[in-house]
Amino acid sequence: MKAVLCPRYCGPDDLEIRDIPDPVTGPGEVVVRVRAAALNFFDTLIIAGKYQTKPAFPFSPAAEFAGEVESVGEGVTTLRPGDRVAANIGYGAAREKVAVAADRLVCVPDGLDLERAAGLIVTYGTTLYALRDRAQLRAGETLAVLGAAGGVGVAAVEIGKLLGARVIACASSAEKLAFAQQHGADVAINYADEDLKDALRRVTGGQGPDVIYDPVGGRATESALRAIAWGGRFLVVGFAAGDIPKLPLNLVLLKGCDVRGVFWGAWTQRDRAGDRANTEQILAWCAQGKLRAHVHRTFALDEIAQALHTLADRKAMGKVILRV
Ligand SMILES: NC(=O)c1ccc[n+]([C@@H]2O[C@H](COP(=O)([O-])OP(=O)(O)OC[C@H]3O[C@@H](n4cnc5c(N)ncnc54)[C@H](OP(=O)(O)O)[C@@H]3O)[C@@H](O)[C@H]2O)c1
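Note that this is a predicted model, so its numbers are computed, not measured.

**Thoughts on the overall build of the chain**
Part 1: When its secondary structure is counted, the chain shows 11 helices and 15 strands.
Part 2: Radius of gyration (C-alpha) of the chain: 20 Å, near the 20 Å computed for a compact globule of 324 residues.
Part 3: Dimensions along the principal axes, computed over C-alpha positions, put the chain at roughly 60 × 40 × 35 Å.
Part 4: For the chain, buried positions account for 54% of its 324 residues.
Part 5: When contacts within the chain are restricted to residue pairs at least 6 apart in sequence, long-range pairs at least 24 apart make up 68% of them.
Part 6: Working note: accessible area of the chain is about 13700 Å², and carbon and sulfur atoms make up 49% of it.
Part 7: Across the chain, the 38 positively charged side chains and the 37 negatively charged ones have centroids separated by 4 Å.

Next comes the structure, spelled out in structure tokens:
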């Protein structure tokens, strides 16, 4: 089978496509014929050795995939060859076949195509956990989303609306903001043109947002925190801008607010049942048309470098998918 391999820490252009032996099922495992694998911003980091997960070489990037069950191992009773399934495995999905523990797979509902299903679990999973489990976002509250057209960003816009919030999309271009508004955002702020703190105060009548969802980091973080409402919850999701900001703690005191870390991957290991329930909820919402799971562009497996550059160059709106 064909696999994208990262032979050493490198950039997107140094990844290799190689033929490697097919995987075989162990007890409790399933071999899946991958049809689509989704890329996330962290794939640009994991191949460069700049991410918290450091797999042994050679490894395949891409955390999540969707495909069809090809064979099942001893003891697997819940799945059969041909079943449509999806999973997040952290890394290793940019290849034609994967062997996965059966209990990590979820079934893809009828009516949801495998390309969209492949890109749902990480971004929407992170976001449902962040907004509902970490922030306890309530209907009627105001949610500001930074990087609102990116993978997790547009997921936060859509889930924020589903949970009944007023959503303020913050992004760096008019095109990205129009995209976020097509996905339900009520208000748009271009932080390339306007000071984020002033703009967030302006669009909330001086009150500030109750919840801020920040996958961007860099300068945007402190600016946004300065505008948060009394008793607000600031969600630390990621640092796509590169710099990990340091916050003046007097702001947290003065705002009576909480800064809450979101480490979805670690939570999925600690609460398997909660993670499965959230993932099934997301797939159901998507099959019902309540979430759009927009695919920015689908690339062939051997175009992975181009696909990763789209993320690294800040061009993606929604998900970047590999057709396998
Ligand atoms: N905490 C968790 O459990 C968890 C889970 C998944 C992902 N994440 C993190 O969330 C972040 C976003 O991931 P994603 O897959 O949604 O990424 P993405 O689709 O590439 O979106 C990232 C957004 O960040 C903004 N950005 C600002 N400066 C950037 C730069 N120099 N390069 C790229 N983007 C930049 C861009 O929006 P503008 O152009 O509008 O500013 C972009 O749309 C990453 O840091 C990732 O590691 C965290």
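Read on, since the account is not over.
**Topic: the state of the cysteines**
What we call a disulfide is simply a covalent bond connecting the sulfur atoms of a pair of cysteines.
Part 1: Tallying each qualifying case throughout the model produces 0 disulfides.
Part 2: With no disulfide partner, Cys10 has as its closest neighbouring cysteine sulfur the one in Cys6, 3.9 Å distant.
Part 3: On the accessibility criterion, Cys10 (9% relative accessible area) is buried.
Part 4: With no disulfide of its own, Cys107 lies closest to Cys286 among cysteine sulfurs, the gap being 16 Å.
Part 5: Residue classification places Cys107 among the partly exposed residues on the basis of a relative accessible area of 48%.

**Focus: the pattern of salt bridges**
Part 1: Overall, the coordinates contain 16 salt bridges when judged by the stated rule.
Part 2: Residue Glu70 pairs with Lys97 through a salt bridge whose shortest N-O separation is 3.3 Å. A residue pair is termed long-range when its members are at least 10 positions apart, and Glu70 in strand β4 (residues 64-72) and Lys97 in strand β6 (residues 97-101) qualify at 27 residues.
Part 3: According to the relative accessible area criterion, Glu70 is partly exposed, its value standing at 36%.
Part 4: With a closest N to O distance of 3.0 Å, Glu141 and Arg138 form a salt bridge.
Part 5: A relative accessible area of 8% means that Glu141 is categorised as buried.

**Some details on the pairing of strand β3 (residues 29-39)**
Part 1: Counting buried residues along β3, 9 of its 11 residues qualify, which places the element largely inside the surrounding structure.
Part 2: Looking at chain direction, β3 and β6 are connected through 5 bridges and run antiparallel. Bridged to Val31 within β6 is Ala99.
Part 3: Examined bridge by bridge, β3 and β4 share 8 bridges and lie antiparallel to one another. Looking at the pairing, Arg33 lines up with Glu68 of β4.

**Some thoughts on the sheet that holds strand β8 (residues 142-146)**
The pairing of strands in a sheet comes from backbone hydrogen bonds and takes either a parallel or an antiparallel form.
Part 1: Pairing is parallel across the open sheet formed by 6 strands, whose spatial order is β10-β9-β8-β11-β12-β13. A single partner strand is all that each edge strand has here, and the edge strands are β10 (187-190) and β13 (258-261). Taking the axes of each pair of neighbouring strands and ignoring which way they run, one obtains an average angle of 20° across the sheet.
Part 2: Those strands touched by helix α4 (residues 151-162) are β8, β9 (166-171) and β11 (211-214), and its axis lies near 165° from that of β8.

**Focus on the site of the ligand**
Part 1: As a structural note, the neighbourhood of the ligand is formed by 26 residues, with Ser172, Lys176, Tyr191, Val262 and Arg314 the closest of them.
Part 2: One nitrogen or oxygen atom from the main chain of Gly151 is found 2.8 Å from an oxygen atom belonging to the ligand.
Part 3: One of the backbone nitrogen or oxygen atoms of Trp264 is found 2.9 Å away from an oxygen atom of the ligand.
Part 4: When the ligand sits alone it has 900 Å² of accessible area, and the protein chains cover 91% of it.

**Some points on the packing of helix α3 (residues 121-134) against helix α10 (residues 272-287)**
Part 1: At a closest axis distance of 10 Å, the pairing of α3 and α10 adopts a crossing angle of 110°. In terms of axis orientation, α3 runs roughly perpendicular to α10. Of the two possible hands of crossing, α3 and α10 adopt the one that is right-handed. For the pair α3 and α10, contact is made by Ile121, Tyr124, Gly125, Leu128, Tyr129, Arg132 and Asp133 and by Asn278, Thr279, Gln281, Ile282 and Trp285, respectively.
Part 2: Residues of the contact of α3 with α10, tallied by class, amount to 6 nonpolar, 4 polar and 2 charged.

**A few points about the packing of α3 against α4**
Part 1: At a minimum axis separation of 8 Å, α3 and α4 run at an interaxial angle of 50°. Our classification of the angle between α3 and α4 gives oblique. The handedness of the crossing between α3 and α4 comes out as right-handed. Contacts from Thr123, Tyr124, Thr127, Leu128 and Leu131 in α3 reach Gly151, Val152, Ala155, Ala156, Glu158, Ile159 and Gly160 in α4.
Part 2: Considered class by class, the residues forming the contact of α3 with α4 number 7 nonpolar, 4 polar and 1 charged.

**Let's talk about the pairing of strand β5 (residues 84-88)**
Part 1: For β5, the tally of buried residues reaches 4 of 5 residues, placing the bulk of the element in the interior.
Part 2: Across 5 bridges, the pairing between β4 and β5 is antiparallel. Bridge assignment links Glu64 to a residue of β5, and that residue is Asn88.
Part 3: Here β5 pairs with strand β7 (residues 106-107) via 2 bridges, running antiparallel. What sits directly across from Ala86, in β7, is Val106.

Cut-offs used in this document
- Residues numbered from 1 in each chain as written.
- Predicted model: local features only at pLDDT ≥ 70, side-chain atom pairs only at ≥ 80, totals over all residues.
- Heavy atoms only, no water.
- Helix = DSSP H or I, 4+ residues; strand = E, 2+ residues; numbered from the N terminus.
- Rg over C-alpha atoms; globule rule 2.2 N^0.38 Å.
- Buried < 20%, exposed > 50% of the residue type's maximum accessible area, 1.4 Å probe, protein only.
- Contact = heavy atoms within 4.5 Å.
- Areas by Shrake-Rupley, 256 points an atom, 1.4 Å probe, with all protein chains shown as cover.
- Lys, Arg positive; Asp, Glu negative; His and termini not counted.
- Charge placed at Lys NZ, Arg CZ, Asp CG, Glu CD.
- Disulfide = S-S within 2.5 Å.
- Salt bridge = Lys/Arg side-chain N within 4 Å of Asp/Glu carboxyl O.
- Pairing = 2+ DSSP bridges.
- Axes fitted to C-alpha atoms, helices over the stretch in contact; angles between N-to-C directions.
- Near = heavy atom within 4 Å.
- Polar contact = N/O pair within 3.5 Å; in protein donor to acceptor, adjacent residues only side chain to side chain.
- Parallel < 35°, antiparallel > 145°, perpendicular 65-115°, else oblique.
- Left-handed = near helix turned anticlockwise from the far one by under 90°.
- Nonpolar A, V, L, I, M, F, W, Y, C, P; charged D, E, K, R; others polar.

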